[in-house]
Amino acid sequence: MSADATPAGAPVVRIGDADDPRLEEYARLTDLALRRRKEPAEGLYIAESHKVIRRALAAGHRPRSLLMAPRWLEESADLVEAAAAHSAPVLVAEEAVLRELTGFHLHRGALASMHRPALPTLEQVTAGARRVAIFDGIVDHTNLGAGFRSAAALGVDAVLVTPTSADPLYRRSVRVSMGTVLQVPWTRIDDWPGEVDRLQAQGFTMAALALSADAITLDELAAQEHPRLALIFGSEGHGLPQATLDRVDAVVRIPMGAGVDSLNVAASAAVAFWATR
Ligand SMILES: C[S@@+](CC[C@H](N)C(=O)[O-])C[C@H]1O[C@@H](n2cnc3c(N)ncnc32)[C@H](O)[C@@H]1O
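Think of each chain on its own: its residues are numbered from 1, step by step along the sequence as written. Where local features are concerned, this predicted model is filtered to residues with pLDDT of at least 70; where side-chain atom pairs are given and counted, the filter is 80 or more; whole-chain, interface and lining totals use all residues. Just so you know, side-chain values use all the structure's heavy atoms and leave hydrogens and water out.

Engineer: When you look at the overall build of the chain in this model, what are you seeing that I'm missing?
Structural biologist: What the chain contains, in helices and strands, is eleven helices and 13 strands. The principal-axis extents of the C-alpha atoms in the chain amount to approximately 65 × 40 × 30 Å. Burial analysis of the chain (277 residues in total) assigns 51% to the buried set. For this analysis, residues touch if any pair of their heavy atoms sits within 4.5 Å. Sequence separation of 24 or more characterises 76% of the internal contacts of the chain that already satisfy a separation of 6 or more. Per element, the accessible surface of the chain, about 12,300 Å² overall, is 52% carbon and sulfur. We treat Lys and Arg as the positive residues and Asp and Glu as the negative residues; His and chain ends play no part in the count. A single reference atom marks each charge: NZ on Lys, CZ on Arg, CG on Asp, CD on Glu. Both charge centroids of the chain, one from 28 positive and one from 34 negative side chains, sit 3 Å from each other. Per the convention used, a helix needs a DSSP run of H or I reaching at least four residues, while a strand needs a run of E reaching at least two, with both numbered from the N terminus. Here the term buried applies to any residue with accessible area under 20% of the maximum for its type, exposed to any over 50%, and partly exposed to those in between, with areas from a 1.4 Å probe on protein chains only. Method for areas: the Shrake-Rupley scheme with a 1.4 Å probe, in which residue coverage is limited to the protein chains shown.

In structure tokens form, the structure reads like this:
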């Protein structure tokens, strides 16, 4: 191990051993059960790739450290500069050490351990929003990330995740979302479906996407005028619980063909966002 400095002034710490305690925040990145406990408890999340790290910095998130192989240092000059501005070390280790530490081949350039930002309130997130997406009990990080990506791309103003939904800041969600979880205003709501009333009081029409036979079609919903619209999507396995369906203003179905019973939840979100844009 040795320390030197880049022209930007960030301390570059060269590390030769995967057991070095300064790498602790990056250890066992493929161990989902461990990372799910560790990251929120320690107030951090991992941003992976230059693009995602840049998006995190643009969102005002603060780095705790950067980690990369030596060959990426030059291309990462702006990230190194940002690390210096936050007195965050730039940890540099050979590819083999990185692979041993993280559990995968780091071919996206760099990793950053970021301070997890405080979540905004429901009111802060929905202020001025015309369309909101609510992901209820989405357990798969890929689906959640894909849902955020569609929300960002198709003009959804804010996202709410319910207590049983996966972590939008888990590495895989952030990556699949292409960093848009760092861009779209979102928060986690504690009381669900209790918050349906509060959103209705704010003028939102609450529309649950579900396969119910008595649902209106998405075309019918899209043809109506809704100054404020919240679209609710259910879990991969069981969909939305009856308790939620009982409280909403509309249950909405995307008609299926060819004997297919449902869409993947992220696909259904993209279709619904597009139809109601
Ligand atoms: C894979 S589906 C869940 C299927 C579940 N067996 C059910 O009966 O709802 C996951 C979520 O995607 C949305 N979804 C998928 N296909 C849909 C469709 N054709 N119409 C409305 N919502 C749909 C719903 O929000 C649903 O809760």
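Engineer: I keep staring at the side chain of aspartate 20 and nothing clicks. Help me out?
Structural biologist: Of note, aspartate 20 is situated in the loop between β2 (11–15) and α1 (32–42). With relative accessibility at 13%, the residue aspartate 20 sits in the buried group.

Engineer: Would you take a moment to explain the packing of helix α2 (residues 50–58) against helix α3 (residues 77–85) for this structure?
Structural biologist: Any two packed helices are characterised by how steeply their axes cross, that is the angle between the axes, and by the distance between the axes. Relative orientation of the contacting elements α2 and α3 amounts to 40°, with a least axis distance of 11 Å. It follows that α2 is oblique to α3 by the angle criterion. The interaxial crossing formed by α2 with α3 has left-handed handedness. Between α2 and α3, the residues in contact are His50, Ile53, Arg54 and Leu57 and Asp78, Leu79 and Ala82, respectively. When residue character is reported, Ala, Val, Leu, Ile, Met, Phe, Trp, Tyr, Cys and Pro are called nonpolar, Asp, Glu, Lys and Arg charged, and the others, Gly included, polar. Residues belonging to the contact of α2 with α3 are distributed by class as follows: four nonpolar, one polar and two charged. Lines fitted to the C-alpha atoms define the axes, with helices restricted to the stretch that makes contact. Angles between their N-to-C directions range from 0 to 180 degrees. By the definition adopted for this analysis, an angle is roughly parallel if under 35 degrees, roughly antiparallel if over 145, roughly perpendicular if from 65 to 115, and oblique otherwise. Whether a crossing is left-handed or right-handed is set by the direction in which the near helix is turned from the far one by less than a right angle, anticlockwise for left-handed and clockwise for right-handed.

Engineer: Would you mind showing me how to read the domain arrangement of the chain here?
Structural biologist: How large an interface is tends to be reported as the accessible area lost when its parts come together. Source of the domain bounds: an automatic or database domain assignment. Examined at the domain level, the chain breaks down into domain 1 (2–115) and domain 2 (122–275). Taking only C-alpha atoms, the centre of domain 1 and the centre of domain 2 are 32 Å apart. Across the contact, 18 residues belong to domain 1 and twelve residues belong to domain 2. When domain 1 packs against domain 2, the two sides together hide about 1,300 Å² of surface, and 61% of this comes from carbon and sulfur. Summed over the three residues of domain 1 that lose the most area to domain 2, namely Tyr45, Val52 and Arg55, the buried surface amounts to 34% of that side. Salt bridges are defined as contacts in which a side-chain nitrogen from Lys or Arg sits within 4 Å of a carboxyl oxygen from Asp or Glu. Between the two partners, domain 1 and domain 2, sit two salt bridges. The shortest N-O distance in the salt bridge between arginine 171 and glutamate 48 comes to 3.2 Å. Once two parts are put together, the accessible area they lose, assessed with a 1.4 Å probe and summed over both, is termed the buried area.

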